[in-house]
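# What the coordinates show
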There are 2 protein chains.
Amino acid sequence: MKRDIDVDSAQKLILENVCQLPAERCHIMQAFGRILAESVLAERDLPPESKSAVDGFALGDESAQMNCRFHLTGFVRAGEYPGTAVHSGEAMGVVTGGCLPSGTRSVIMHEKTAVEANSITVLEEVKPYQNIKQAGEDYHQGEVLLPPGTFLHSGHIALLAAFGHSDILVYRRPKVAILSLGKNIMKCSQKLEPGQIWDSNSPMLAALLHQAGCELTSIDLESRKDSQELPVYLDAAACSADSVILTGGTYAGSQSEARQLLDSVQARMIYWGTDSQPGSHNGFALIGSVPVFALSGNPAACAVGFTLFVLPAVRHMQGINPDPKKVRARCTNSFNKGANSRRYIRGRARCSDQGWTVTVLPGQKPSMIRSLISCNALIEVAPGSPPLEAGASVNIILLEEAD
Amino acid sequence: MKRDIDVDSAQKLILENVCQLPAERCHIMQAFGRILAESVLAERDLPPESKSAVDGFALGDESAQMNCRFHLTGFVRAGEYPGTAVHSGEAMGVVTGGCLPSGTRSVIMHEKTAVEANSITVLEEVKPYQNIKQAGEDYHQGEVLLPPGTFLHSGHIALLAAFGHSDILVYRRPKVAILSLGKNIMKCSQKLEPGQIWDSNSPMLAALLHQAGCELTSIDLESRKDSQELPVYLDAAACSADSVILTGGTYAGSQSEARQLLDSVQARMIYWGTDSQPGSHNGFALIGSVPVFALSGNPAACAVGFTLFVLPAVRHMQGINPDPKKVRARCTNSFNKGANSRRYIRGRARCSDQGWTVTVLPGQKPSMIRSLISCNALIEVAPGSPPLEAGASVNIILLEEAD
């Protein structure tokens with residue numbers, strides 16, 4: 001077991017011990033937010049055949065002078081497929097988005113014609129292939145439509161559907177169990193005795209996991225407050241989940257509740273402690289091959305620990321690049337503490353006229369929740385750095401939509 | 001019924017005809033992404049009582065010189081509530097995050113003491129209230145924690161849980177039905193005959209609705225391809241859903257499939273046609289009080305129509321500000337078409353050193369899907385504008401996370 005390692009080494013050890021999950025099929029109507037597990041090729045052109053871009057007439061000639069007359073041989077209505085071709089000197093009525101008869105060389109808008117019983121006269125010069133949506137103008141047969149690892153949003157889903165994919169191969173969502181330690185930590189539906197506090201980390205982690213595309217396995221906090229039941233619970237969680245998060249009980253090193261619990265189930269400790277603030281008291285272990293994260297019980301430290309250690313793991317499990325989005329930003333205010341180890345300051349990032357800016361949020365103690373309310377970025381401060389001055393250029397990790 | 005109105009007027013008419021949905025209770029573990037329907041006050045201080053910030057000793061004195069000795073009267077272990085007070089000249093062992101005995105005036109770290117059987121000696125000067133997390137230092141009793149309309153993310157959920165809220169009052173998710181018109185539009189699980197195409201709009205709209213916090217009511221495309229069954233289907237959809245989206249069949253004005261269908265169920269048309277591109281052929285109607293949107297069948301026009309007309313409505317239903325996030329951006333490339341009516345160009349927005357930039361994406365025909373793949377912004381071009389030049393300053397609507 002390694003001790004008090006730096007964050008980069010911890011992340012490396014985690015990724016070495018986490019596997020991509022198997023793929024599964026997902027219906028296209030439920031595919032939003034899933035991660036594509038295969039490369040998808042265009043099996044044909046899109047659109048597959050040429051179509052009219054306007055309501056008007058398909059002409060059998062590439063071009064025609066003004067006042068030229070065409071014999072009207074029929075109409076192709078919306079949704080119809082033309083059985084007959086159009087030849088030189090002939091016209092056939094067509095609708096916007098509708099199929100064109102074979103032999104079509106150009107299409108003229110209805111408004112640019114004079115229509116009689118069996119003929120039309122064009123009132124504007126006709127140019128080759130005008131008003132035709134060409135087959136393959138959007139995508140060509142054989143193109144790679146989407147690579148594996150694509151986070152499927154509405155545009156991707158439209159594209160897959162347009163090529164007839166109704167069941168999509170996606171990575172399975174990681175199933176994660178949460179176990180909040182500490183005898184004085186009560187479910188927020190319970191009444192408190194003096195000295196007890198409500199568990200805010202389990203609901204917070206549930207939200208973070210949901211946002212990261214994970215599913216929560218059921219937890220039952222009341223039924224296992226007896227610490228003798230905790231190893232049974234943890235073993236069961238490791239059997240049914242792809243990963244387990246412990247929160248709380250990480251202080252006091254090997255005497256901590258989290259360490260003792262992990263030892264009691266013969267978990268293999270990979271590391272304990274990282275050289276970072278907040279949340280230096282954290283660890284990573286394996287129960288069999290199931291990764292278990294022990295995060296600080298302090299809310300802000302727990303949230304930072306999730307971002308640094310759990311998020312890369314569950315992203316990797318789903319076939320996505322585990323690295324967060326990092327940018328340089330200008331700090332708009334100061335922070336009066338230096339950093340002994342690498343410090344993660346909660347901030348609010350915005351795009352300004354000079355690029356990214358970030359504002360240090362109030363309430364930076366690890367035990368406080370306040371900074372998490374507006375937090376959309378972590379300011380990463382190197383060990384040995386002096387207090388942060390307004391105007392300083394800093395590295396930030398972007399957590400979500402930043403304005 | 002109004003005809004060919006501008007987008008702002010259309011949005012105003014829509015919001016006048018859409019109601020906020022009733023609130024419902026949601027468990028805190030499922031609250032991510034829900035919209036808070038009430039103002040939540042701090043019913044007590046957070047933390048409710050003072051706590052130790054370190055493992056060490058609670059002292060009955062505000063200050064002490066180095067080498068000063070304290071009588072050790074006991075220990076408060078993790079999760080314990082101290083029954084006895086600490087007095088001047090006395091010390092009591094405490095743990096990080098643990099409760100402090102009444103009378104505590106300061107806390108000294110374990111490492112800064114020499115511990116004997118019944119006493120400790122401080123090895124560093126003690127300052128008033130050092131290492132104490134004060135009651136209320138995060139939130140004070142009576143503070144407004146969160147206002148109604150808050151989109152609940154992990155930080156908000158931690159805060160609500162920390163105050164013991166296990167069931168949260170949130171707005172009900174809008175239930176929306178989708179009906180894709182057009183006889184040649186087939187479900188993407190079906191085999192195609194010549195001239196038929198797969199329905200990409202229903203899956204795309206399902207994704208957009210999911211992203212906007214809506215629930216989809218079930219649709220069955222196969223069972224109602226006979227146009228005589230469409231009015232029955234639409235009536236049923238309007239009975240079970242909070243809103244209905246029709247897509248396709250909007251061309252040809254009053255002769256269009258969408259208009260005829262709406263007329264057949266005695267829908268009250270509010271407007272038909274907007275002075276905008278793409279997707280000028282669109283409309284808004286009421287079946288009873290249920291809002292029905294008729295969007296273009298062209299994929300890009302359908303997506304733009306969703307953003308302009310459906311999104312404000314379903315946001316308003318959920319108690320959120322319906323207005324999208326608009327910023328000024330510098331266009332990095334050109335677009336060779338001017339705008340007769342207000343034009344919405346699909347773009348990719350990024351935060352650069354000079355602020356927001358936006359790049360016009362390839363594939364801007366309304367019938368194409370390509371521009372939607374990377375689209376995270378709509379460039380809003382005023383009627384009568386010339387073609388867009390690289391470097392121009394433009395208004396953009398931000399659709400999602402922009403980099």
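Preceding this section is the structure that the text describes.
Quick notes on the rules
- Residues numbered from 1 in each chain as written.
- Chains lettered and ligands numbered in written order.
- Predicted model: local features only at pLDDT ≥ 70, side-chain atom pairs only at ≥ 80, totals over all residues.
- Heavy atoms only, no water.
- Helix = DSSP H or I, 4+ residues; strand = E, 2+ residues; numbered from the N terminus.
- Rg over C-alpha atoms; globule rule 2.2 N^0.38 Å.
- Buried < 20%, exposed > 50% of the residue type's maximum accessible area, 1.4 Å probe, protein only.
- Contact = heavy atoms within 4.5 Å.
- Areas by Shrake-Rupley, 256 points an atom, 1.4 Å probe, with all protein chains shown as cover.
- Lys, Arg positive; Asp, Glu negative; His and termini not counted.
- Charge placed at Lys NZ, Arg CZ, Asp CG, Glu CD.
- Polar contact = N/O pair within 3.5 Å; in protein donor to acceptor, adjacent residues only side chain to side chain.
- Buried area = accessible area lost by both parts, 1.4 Å probe.
- Salt bridge = Lys/Arg side-chain N within 4 Å of Asp/Glu carboxyl O.
- Nonpolar A, V, L, I, M, F, W, Y, C, P; charged D, E, K, R; others polar.
- Least-squares fit on C-alpha atoms with pLDDT ≥ 70 in both.
- Phe/Tyr/Trp six-rings, centres within 6.5 Å; stacked < 30°, edge-to-face > 60°.
- Lys NZ or Arg CZ within 6 Å of the ring centre and 35° of its normal.
- Pairing = 2+ DSSP bridges.
- Axes fitted to C-alpha atoms, helices over the stretch in contact; angles between N-to-C directions.
- Parallel < 35°, antiparallel > 145°, perpendicular 65-115°, else oblique.
- Left-handed = near helix turned anticlockwise from the far one by under 90°.
- Disulfide = S-S within 2.5 Å.

The secondary structure content of chain A amounts to seven helices and 27 strands. Rg of the C-alpha trace for chain A: 31 Å, well past the compact-globule value of 22 Å for 403 residues, more than 25% over. When its C-alpha atoms are laid out on the principal axes, chain A stretches across 95 × 50 × 40 Å. Put simply, chain A has 403 residues, and 56% of those count as buried. Across chain A, every contact between residues at least 6 apart in sequence was considered, and the portion connecting residues at least 24 apart equals 72%. Total accessible area on chain A stands at roughly 16500 Å², and carbon and sulfur atoms take up 49% of it. The positive charge centre, built from 36 side chains, and the negative charge centre, built from 41, are 8 Å apart in chain A.

Residue and element names in this part refer to chain A. Residue placement: Thr247 occurs in strand S18 (residues 243–247). The exposure class assigned to Thr247 is buried, which follows from its relative accessible area of 1%. Here Asn201 takes part through its side chain, which lies 2.9 Å from a polar atom of the side chain of Thr247.

If you look at the interface, chain A gives 72 residues, while chain B gives 72 residues. Between chain A and chain B lies a buried interface of about 6100 Å² when both sides are counted; carbon and sulfur atoms form 62% of it. The largest per-residue losses of area from chain A upon contact with chain B belong to A:Met29, A:Phe32 and A:Ile373, which jointly make up 10% of the total buried on that side. A salt bridge links A:Lys365 to B:Glu137; its shortest N-O distance comes to 2.8 Å. Counting across the chain A and chain B interface gives 14 residue pairs in polar contact (both at pLDDT 80 or more). At the level of secondary structure, the elements contributing two or more residues to the side of chain A that touches chain B comprise strand S11 (132–133), helix H2 (154–162), strand S16 (197–198), helix H3 (201–211), strand S24 (342–352), strand S25 (355–360) and helix H7 (370–373) of chain A. Across the side of chain A that touches chain B, the residue classes break down as 35 nonpolar, 22 polar and 15 charged.

Moving on, we come to the relation of the copies chain A and chain B. It takes a turn of 180° to lay chain A on chain B, together with a shift of 0.0 Å along the axis; the resulting RMSD is 0.2 Å. In short, the pair behaves as if placed about a two-fold rotation axis. Most of the interface of chain A is mirrored in chain B, where 99% of its interface residues again form contacts.

Given two aromatic rings, their pairing is described by the distance between the two centres and the angle made by the two planes. Scanning the model with the defined rule gives 12 aromatic pairs over all chains in all. Among the aromatic side chains, those forming a connected cluster through ring pairs are A:Tyr271, A:Phe284, A:Phe293 and A:Phe309. The lysine or arginine in question, A:Arg259, covers the ring of A:Trp272, its NZ or CZ lying 5.2 Å from the ring centre. Between the NZ or CZ atom of B:Arg370 and the centre of the ring of A:Tyr139, over which it lies, the distance is 4.0 Å.

This brings us to the sheet that holds strand S9 (residues 113–115) of chain B. Residues and elements named next belong to chain B. Read across the sheet, six strands follow the order S8-S5-S7-S6-S10-S9 without closing on themselves; strand pairing throughout is mixed. This sheet does not close on itself; its edge strands, each paired only once, are strand S8 (106–109) and S9. Each neighbouring strand pair of the sheet contributes to a mean axis angle of 35°, computed without reference to strand direction. Sheet topology places strand S5 (residues 56–59) next to S8; four bridges connect them, and they run antiparallel. Bridge pairing in S8 links Leu59 to Ser106.

Residue A:Leu46 is joined to A:Pro47 through a cis peptide bond whose omega torsion reads -10°. For A:Pro47, the location among the structural elements is in the loop between strand S3 (40–41) and strand S4 (51–52). Between A:Gln277 and A:Pro278 the backbone carries a cis peptide bond, its omega angle lying at -10°. Looking at where A:Pro278 falls in the secondary structure, it is placed in the loop between strand S20 (276–277) and strand S21 (283–287). Notably, B:Asn131 is not glycine yet its phi reads approximately 60°, a positive angle. When you line up the elements, B:Asn131 lands in the loop between strand S10 (119–122) and strand S11 (132–133). Classification of B:Asn131 by relative accessible area gives partly exposed; the value is 26%. Even without being glycine, B:Gln266 reaches a positive phi, approximately 55°. On the secondary structure map, B:Gln266 appears in the loop between helix H5 (257–264) and strand S19 (268–274).

A word on the pattern of salt bridges. All names here are of chain A. Enumeration over the complete set of coordinates arrives at 20 salt bridges over all chains. Where Lys12 meets Glu16, a salt bridge forms, and the shortest distance between an N and an O atom there is 3.3 Å. Taken together, the positions of Lys12 and Glu16, both in helix H1 (residues 7–16) and four residues apart, correspond to about one turn of that helix. Just as Lys12 is exposed, Glu16 falls in that class too.

What follows is about the packing of H1(A) against helix H6 (residues 299–317) of chain A. All names here are of chain A. Closest axis-to-axis distance for the H1/H6 pair is 10 Å, and the angle between their directions is 30°. Looking at the two axes, H1 sits roughly parallel to H6. Once H1 is placed against H6, the crossing between them reads as right-handed. Each of Val7, Ala10, Gln11, Ile14 and Leu15 in H1 lies in contact with H6, whose residues at this interface are Leu308, Phe309, Pro312, Ala313 and His316.

Let us now look at the state of the cysteines. All chains considered together, the criterion is met by one disulfide over all chains. The partner cysteine of A:Cys351 in its disulfide is B:Cys351, sulfur to sulfur 2.5 Å. Residues A:Cys351 and B:Cys351 are joined by a disulfide whose S-S torsion is about 90°; by sign, that bridge is right-handed. Of the two residues, A:Cys351 is situated in strand S24 and B:Cys351 in strand S24 (residues 342–352); the pairing between them involves two chains. Judged on exposure class, the residue A:Cys351 and its partner B:Cys351 are both buried. Here A:Cys19 is not disulfide-linked; the sulfur of A:Cys214 is the nearest cysteine sulfur, at 15 Å. A residue is classified by how much of its surface remains accessible, and A:Cys19, at 60% relative accessible area, is exposed. Judged by its relative accessible area of 8%, A:Cys214 falls in the buried class.

Moving on, we get to the side chain of A:Thr357. Residues and elements named next belong to chain A. Locating Thr357 in the fold gives a position in strand S25. On the accessibility criterion, Thr357 (7% relative accessible area) is buried. For Thr357, the residues in contact, after removing those within four places along its chain, are Ala329, Arg330, Thr332, Arg348, Ala349, Arg350 and Ser352.

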